[in-house]
Amino acid sequence: MTKVAAVKADSYDQHIVEQAITELLAHLGGMSQFIQPGDRVLVKPNMLEAVEKGLCVTTDPEVVRAVIRAVRQVGAIPVVGDSPGTTSTVKAAEKCGILAVCQEEKVELAAFDETTEVAYPDGITVKKFTVTRHLAEVDKVISLAKMKTHTFMGATGATKNLFGCIVGMQKAQFHLRMQARQEFAAMLIDLANCVKPVLSIIDGVIGMEGNGPRNGKPIKAGVILGGANCYAVDVVMAEMMGFKPEQLPVTALALKRSLTPAFPAIELVGSGGQLRWKFVEPRSLQSLEDRIPKWLAAFGRSQLTARPEITASCVGCGRCVKHCPPQAMDIVSGQAAIDYTKCIRCYCCQELCPYDAVQLHDGLLLQMAKQITRLR
Ligand code: SF4
Ligand code: SF4
């Protein structure tokens, strides 16, 4: 039976987090079930951006510390690394406190700047990935994600966290190639199957609700969960957040491909197993794009998904313009402007804006379609 453990953790106090990780691992048979002495182990937190730790955008440094120590306890060698969206690994790690933990624990912080190609012939959507070269230099990977909503994928957990193995701006290429949410989810599943994390842990002590992964609101969930199967861990995370796993493109596809059992068939153990919350959904979760025939997909994406709009909070910093995958944005009269004929609704602009100046709005057609769907 596929096992997922969930343990309570009320705060990011170092002692509480360390106890929680110890309890979590005990439920899973101990860290030695996943790694062996001498293994070089990549601990992959979510370091989305250079954002302060109090905003709960990134995996908390104390969770990273506790996992580093657990890896060391079995005689393995931890290495911490991620590729943030628009800045360097070191800058992001410095801001969120992970750099300080790496220095205190004397652990290498791997800057994901150089790449290597990895063939993945079993991939259904992608048969070759260009990833950080550090993946080729480690024996094992631990996905150390954050429990957050995500405007494009509904939620980001253990599987989506591995997208950080794609270096910097190369992420934009995947948004261009896989514009539909199901296509993007299929790519993420190929990537996760290629990376093969031996253990997935999600920091849900304080998660994020609403329009995450950066501009949502922190929500205290008081839980850390984990297991060997990243898809099963994500299914449990979805249930705890109050979402149906079938609503989220990654867990929906993982269930369809039998990569994880459905929630009732997962053996859920630990002191946090009963915790349930009602996270505020990201607006895009109710996109109707997934329900229309493929031949109408392009029309559906523009008409039946929430539309990004620039608000008065925009200071014209240009970050979104630089990272918009189809180059649908420009700075006009000191503010960002969107060419909707080019916009692919990837929501990278909303995700990356440091001023929360991109809001999502349902167009009239989407509002009508939602109304009709509700009435049925
Ligand atoms: S929308 Fe945000 S990221 Fe884009 S230019 Fe304005 S402030 Fe900068
Ligand atoms: S405008 Fe925003 S949502 Fe549209 S393609 Fe650019 S980054 Fe993606």
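Note on numbering: residues in each chain are counted from 1, in written sequence order. Here the convention is simple: chains get letters from A, ligands get numbers from 1, in the order in which they are written. Reporting in this predicted model follows two pLDDT cut-offs: at least 70 for local features of residues, and 80 or more for side-chain atom pairs to be given and counted; totals over whole chains, interfaces and linings ignore these cut-offs and use all residues. Hydrogens and waters are ignored; side-chain quantities use all the structure's heavy atoms.

Participant: Explain the overall build of the protein here, please?
Facilitator: Elements are defined by DSSP. Helices are runs of H or I of four residues or more, strands are runs of E of two residues or more, and each kind is numbered from the N terminus. Assigned secondary structure in the protein consists of 12 helices and 15 strands. Just to be clear, the radius of gyration here is over C-alpha atoms, and the globule rule we use is 2.2 Å times residues to the power 0.38. A globule of 376 residues ought to have a C-alpha radius of gyration of about 21 Å, and the protein, at 20 Å, matches this closely. Taken along its principal axes, the extent of the C-alpha atoms in the protein is 55 × 45 × 40 Å. Relative accessibility decides the category of a residue: with a 1.4 Å probe and only protein chains considered, values under 20% of the type maximum give buried, values over 50% give exposed, and everything between is partly exposed. Counting every position in the protein, which comprises 376 residues, the buried fraction comes to 58%.

Participant: What's the story with the packing of aromatic side chains in this structure? I'm lost.
Facilitator: The description of an aromatic ring pair rests on the distance of the ring centres and on the angle between the ring planes. Note on aromatic pairs: the rings of Phe, Tyr and Trp (six-membered ring only in Trp) are paired at centre separations within 6.5 Å, and the planes decide the class, stacked below 30 degrees, edge-to-face beyond 60, tilted for the rest. If you walk through the whole model with that rule in mind, you get 4 aromatic pairs. A centroid spacing of 5.1 Å and a plane angle of 65° characterise the contact between F152 and F184, whose relative ring orientation is edge-to-face. Taken together, the residues F152 in the loop between β7 (140-150) and β8 (154-156) and F184 in helix α6 (residues 181-195) connect sequence positions 32 residues apart. Measuring from centroid to centroid gives 6.1 Å for F163 and F174, while their planes differ by 75°, and the two rings are edge-to-face. Of this pair, F163 sits in the loop between β8 and α5 (170-177) while F174 sits in helix α5, placing them 11 residues apart in sequence. Of the two residues examined, F163 and F174, each falls in the buried class.

Participant: I keep staring at the site of ligand 1 and nothing clicks. Help me out?
Facilitator: One heavy atom within 4 Å of a molecule or strand makes the whole residue count as near it. Looking at ligand 1, there are 13 residues lining it, with C314, C317, G318, C320 and C353 nearest. Lys, Arg, Asp and Glu make up the charged group, whereas Ala, Val, Leu, Ile, Met, Phe, Trp, Tyr, Cys and Pro make up the nonpolar group; the residues left over, Gly among them, are polar. Among the residues forming the shell around ligand 1, the class breakdown is 10 nonpolar, 2 polar and 1 charged.

Participant: Is there a simple way to explain the domain arrangement of the protein in this structure?
Facilitator: Often, the extent of an interface is quoted as the loss of accessible area upon association of its parts. As used throughout, domain bounds are those supplied by an automatic or database domain assignment. For the protein, the domain assignment lists domain 1 (3-269) and domain 2 (287-375). On a C-alpha basis, the centres of domain 1 and domain 2 stand 26 Å from each other. On the side of domain 2, 21 residues touch domain 1, which itself brings 20 residues to the contact. Every case where a carboxyl oxygen of Asp or Glu lies within 4 Å of a side-chain nitrogen of Lys or Arg is listed as a salt bridge. At the boundary of domain 1 and domain 2, one finds 1 salt bridge. Across the salt bridge formed by R319 and E49, the nearest N and O atoms sit 2.9 Å from each other. We call two residues in contact when some of their heavy atoms are within 4.5 Å.

Participant: For this particular structure, what's the right way to read unusual backbone geometry?
Facilitator: Only a minority of non-glycine residues have a phi that is not negative, and only a minority of peptide bonds are not trans. Geometrically, the link from G212 to P213 is a cis peptide bond, its omega value of 15° lying close to zero. Mapped onto the elements of the fold, P213 is located in the loop between β9 (199-209) and β10 (217-227). Phi is positive for C56, which is not a glycine, with a value near 60°. Tracing the backbone shows C56 in the loop between β2 (40-45) and α2 (61-73). What makes C56 buried here is its relative accessible area of 5%.

Participant: Just to check I follow, could you spell out the site of ligand 2 for this structure?
Facilitator: Close to ligand 2 lie 13 residues; C324, C343, C346, Y347 and C349 are nearest. Here the shell around ligand 2 is composed, by residue class, of 12 nonpolar, no polar and 1 charged.

Participant: What am I meant to see in the packing of α6 against helix α8 (residues 249-256) here?
Facilitator: Each pair of packed helices can be described by the angle between their axes along with the distance between the axes. To get an axis, a line is fitted to the C-alpha atoms, and for a helix only the part in contact is used. The angle between two axes follows their N-to-C directions and goes from 0 to 180 degrees. Interaxial distance between α6 and α8 falls to 9 Å at its minimum, and their mutual angle equals 65°. With respect to α8, the axis of α6 lies roughly perpendicular. Relative to α8, the crossing made by α6 is right-handed. For the pair formed by α6 and α8, the contact residues are R181, Q182, A185, A186, L188 and I189 on the first element and P249, V250, L253 and A254 on the second. Across the contact of α6 with α8, the residue classes tally to 8 nonpolar, 1 polar and 1 charged. These descriptions rest on fixed angle ranges, namely under 35 degrees for roughly parallel, over 145 for roughly antiparallel, 65 to 115 for roughly perpendicular, and the rest for oblique. Each crossing is labelled by how the near helix is turned from the far one, with a counterclockwise turn of less than a right angle marking it left-handed and a clockwise turn marking it right-handed.

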